[in-house]
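# Residue-level structural notes
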Amino acid sequence: MSFRAQLRERARGLGARIVLPEGTDLRVQAAAEIIRREKIGEPILLGESGIVPSRHPALSRVADLLRRRRPERVRDGVHALDLAADPIRLGAGLVALGEADGCLAGAVTPTADVIRAALWAIGTDARGLLSSAFYLGLPDGRVITFTDCAVVVDPDPDELAAIAVAAANDRRRLAGDEPVVAFLSYSTQGSAAGPAVDKVRDALERFRALAPGVAADGELQVDAALVPEVARRKAPGSVVAGAANVLVFPNLDAGNIGYKLVERLAGATATGPVFQGLSRPMSDLSRGATADDIVDSAAIAALQAQTR
């Protein structure tokens with residue numbers, strides 16, 4: 001069974017309420033029907049084919065929430081209602097208020113607008129950092145988490161550790177196995193030196209303090225992290241080297257390039273981006289997303305919501 005099929009199977013029957021704010025889009029409408037038919041969740045469609053945002057019964061409560069969270073950005077009560085009537089902000093607000101379990105947007109909306117709505121209405125968890133991950137299903141059946149590939153441009157050691165903690169937590173929810181975390185670099189355990197290597201080493205130490213029960217190692221080159229034969233030569237004795245299933249990239253350039261290379265050249269299936277670090281689930285959709293991609297993201301949101 002593919003990773004995507006596993007996601008749907010594990011989400012089925014949880015009854016998660018998933019807001020789809022871009023209900024005017026045909027792909028979103030088709031996805032809502034699949035979500036409902038396959039019992040992956042209960043879609044809440046906003047737009048012409050669903051609930052009109054300006055008439056939603058929770059509109060005034062979302063307006064109050066937005067005004068309370070960002071008073072400097074709201075002129076008055078009328079302005080708050082106008083802001084809340086935006087489908088993306090309304091969807092995020094419904095999640096924040098507990099009226100929905102997750103929100104998916106981005107099929108017709110720029111990522112930056114989705115992130116702004118999520119941060120305004122929902123906010124981050126205790127670590128205070130929004131990041132992302134992709135799940136790459138490889139032809140040999142393995143599923144590897146790639147993080148961060150879409151949000152944090154140049155994380156410092158504390159941010160890199162927070163990204164890794166969020167990815168490890170979601171790994172359990174979404175893949176159903178234990179995370180094995182590799183902090184990637186151009187160096188493997190002292191084979192090279194420099195500020196970039198130092199950053200990765202510092203991030204590993206911070207991660208170990210935050211998540212002492214999670215297997216983690218670094219700095220590791222990607223071949224040492226994934227290939228047992230290489231790991232035995234480059235990092236003998238490491239419990240992570242050769243067995244990693246969570247790859248933590250040192251910056252956004254490396255992460256974004258890395259996942260796309262694996263997707264396009266290795267025939268992997270990329271699922272994501274999955275937002276990490278929010279206090280409640282909301283995720284971005286690619287503007288090229290298919291209806292099936294949206295259904296997969298709904299399954300992810302349902303699983304993320306299960307433990308909250």
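Here we summarise the structure given alongside this text. (Residues numbered from 1 in each chain as written. Predicted model: local features only at pLDDT ≥ 70, side-chain atom pairs only at ≥ 80, totals over all residues. Heavy atoms only, no water.)

A few words now on the pattern of salt bridges. In total, this model carries 25 salt bridges according to the counting rule given. In this structure, the salt-bridge partner of arginine 172 is glutamate 178, at a minimum N-O distance of 3.2 Å. Of the charged contacts in the structure, one is a salt bridge between aspartate 223 and lysine 234, with a shortest N-O distance of 3.1 Å. Residue aspartate 223 is found in helix α9 (residues 222-226), and its partner lysine 234 is found in helix α10 (residues 228-234); the two are separated by eleven residues along the sequence. Under the relative-accessibility criterion, aspartate 223 is labelled partly exposed at 30%. (Salt bridge = Lys/Arg side-chain N within 4 Å of Asp/Glu carboxyl O. Helix = DSSP H or I, 4+ residues; strand = E, 2+ residues; numbered from the N terminus. Buried < 20%, exposed > 50% of the residue type's maximum accessible area, 1.4 Å probe, protein only.)

Applying the stated rule across the entire model yields four aromatic pairs. Ring centres of phenylalanine 183 and phenylalanine 207 lie 5.6 Å apart, and the angle between their planes is 65 degrees; on these two criteria the pair is classed as edge-to-face. Taken together, the positions of phenylalanine 183 in strand β6 (residues 180-184) and phenylalanine 207 in helix α8 (residues 195-210) put the pair 24 residues apart, joining distant regions of the chain. The pair formed by phenylalanine 183 and phenylalanine 207 is uniform in burial state, with each residue classed as buried. The positively charged end of arginine 73 is found above the aromatic ring belonging to tryptophan 120, 4.1 Å away from the centroid. (Phe/Tyr/Trp six-rings, centres within 6.5 Å; stacked < 30°, edge-to-face > 60°. Lys NZ or Arg CZ within 6 Å of the ring centre and 35° of its normal.)

On to the environment of alanine 301, then. Structurally, alanine 301 is set in helix α12 (residues 291-306). Its relative accessible area of 3% is what places alanine 301 among the buried residues. Taking the C-alpha atoms as reference, alanine 301 lies 24 Å from glutamate 48; in sequence the two are 253 residues apart. Discounting residues that sit within four places of it in the chain, alanine 301 has contacts with Ile18, Gly102, Leu104 and Pro281. (Contact = heavy atoms within 4.5 Å.)

As summarised here, the arrangement of the four strands in space is β2-β1-β3-β10, forming an open sheet in which the pairing is parallel. In the strand order of this sheet, the two ends are held by β2 (42-45) and β10 (282-284), each with one partner. Strand-to-strand, the axes of this sheet are offset by a mean angle of 25 degrees, without reference to chain direction. Against the sheet, helix α5 (residues 87-96) makes contact with β1 (17-20), β3 (102-105) and β10, and its axis sits at roughly 160 degrees relative to β3, the strand it touches most. Seen against the sheet, helix α6 (residues 111-121) touches β3 and β10 and runs at an angle of roughly 170 degrees to β10. (Pairing = 2+ DSSP bridges. Axes fitted to C-alpha atoms, helices over the stretch in contact; angles between N-to-C directions.)

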